[in-house]
Amino acid sequence: MPWQPELPLVPATPEAGGASRTIALHDRIVPYTLRRSRRHTIGLTIDHRGLRVGAPNRTPLAEVEAMIRTHGEWVVQKLDEWRESRRAGLLRITDGTSLPYLGGRLEIRLAYGGNRAVWKENEAGQPTVTLCLRSPANAANVLETALRRKALQIFGERLAVHAGRFAFAPPPLALSSARTRWGSCSRLSGIRLNWRLIHADLPLIDYVIVHELAHLREMNHSDRFWAIVNDYCPDYRNAREALKKLSAALPALA
């Protein structure tokens, strides 16, 4: 069962319960997510996820899109502002760069080599990864590959621990690059965790895993579901808030 946090990533990925659509505004095609509910008015929101539109259940699509076009200049301006702020926030990978890692910092060293990563700890016990690169242009790809491999290892270890607490055999685990989800769960295919959780500390990773394992009992977000989560992670409310803050600080690799 998917669960939607707020990740500051590429705009216009549809949220659960929302329909992905596009609309022509001025000289461009703009993607947006339309969510219908029991609200009484049409609302437009622009953030790191792009344009999101909330509308009453019975409002015709033509009326919704007329409202978007009325505010078309504002929509385009704000989308451009978000795009520029994302470009400015790209992390440039140089020798000595550090980034969040399991609640601490990971130091990055650069060397010549065959596009591989070597993990170790420095004299202070801080984890380091040396990127052995054919070209500096390969740094982001080699680093992401290294982080994904480490994420799969660590997430698998934590999943085995918590599946045991649930008296489950560990379900299949895969990584995702979902734009608006920390994790998802299916009884058929198992659990998928966003590899970017490697930037979080272990209690937050544990919470996401517990959240998804709880869906193997309740494929919804009912009171019974949250009661199960509370049994295995009593501090889950604080964990949810911490994940929202983490999402605003996730590094974008350049």
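The present account deals with the structure reproduced in this document. Since the structure is predicted, the reported quantities are computational estimates derived from the model, not experimental observations.

1. What to know about the environment of Leu243
- Note that Leu243 resides in helix H6 (residues 236-247).
- Since its relative accessible area comes to 3%, Leu243 is described here as buried.
- Sequence separation between Leu243 and Trp182 is 61 residues; the distance between their C-alpha atoms is 9.0 Å.

2. Here's the deal with the packing of helix H4 (residues 202-214) against helix H5 (residues 223-232)
- Packing of H4 against H5 brings their axes to within 9 Å, and their N-to-C directions diverge by 140°. Classified by the interaxial angle, the pair formed by H4 and H5 is oblique. By crossing handedness, the relation of H4 to H5 is classed as right-handed. Residues Tyr207, Val210, His211 and Ala214 of H4 pack against Phe225, Trp226, Ile228, Val229 and Tyr232 of H5.
- Its residues placed into classes, the contact of H4 with H5 shows eight nonpolar, one polar and no charged.

3. Points about the nonpolar core
- Counting residues in each nonpolar core, the largest one holds 46 residues, and the members touching the most others are Leu131, Leu147, Phe155, Leu197, Tyr207 and Leu243.
- Listing elements by their share of this core, those giving two or more residues are strand E6 (98-101), strand E7 (104-112), strand E9 (127-133), helix H3 (139-165), strand E12 (190-194), H4, H5 and H6.
- No other element matches H3, which puts nine residues into this core.
- With 16 residues, the next largest nonpolar core counts Ile23, Leu44, Ile46 and Val75 among its residues.

About the cut-offs
Residues numbered from 1 in each chain as written. Predicted model: local features only at pLDDT ≥ 70, side-chain atom pairs only at ≥ 80, totals over all residues. Heavy atoms only, no water. Helix = DSSP H or I, 4+ residues; strand = E, 2+ residues; numbered from the N terminus. Buried < 20%, exposed > 50% of the residue type's maximum accessible area, 1.4 Å probe, protein only. Axes fitted to C-alpha atoms, helices over the stretch in contact; angles between N-to-C directions. Parallel < 35°, antiparallel > 145°, perpendicular 65-115°, else oblique. Left-handed = near helix turned anticlockwise from the far one by under 90°. Contact = heavy atoms within 4.5 Å. Nonpolar A, V, L, I, M, F, W, Y, C, P; charged D, E, K, R; others polar. Core = buried A, V, L, I, M, F, W, Y, C linked by side-chain atoms within 4.5 Å.

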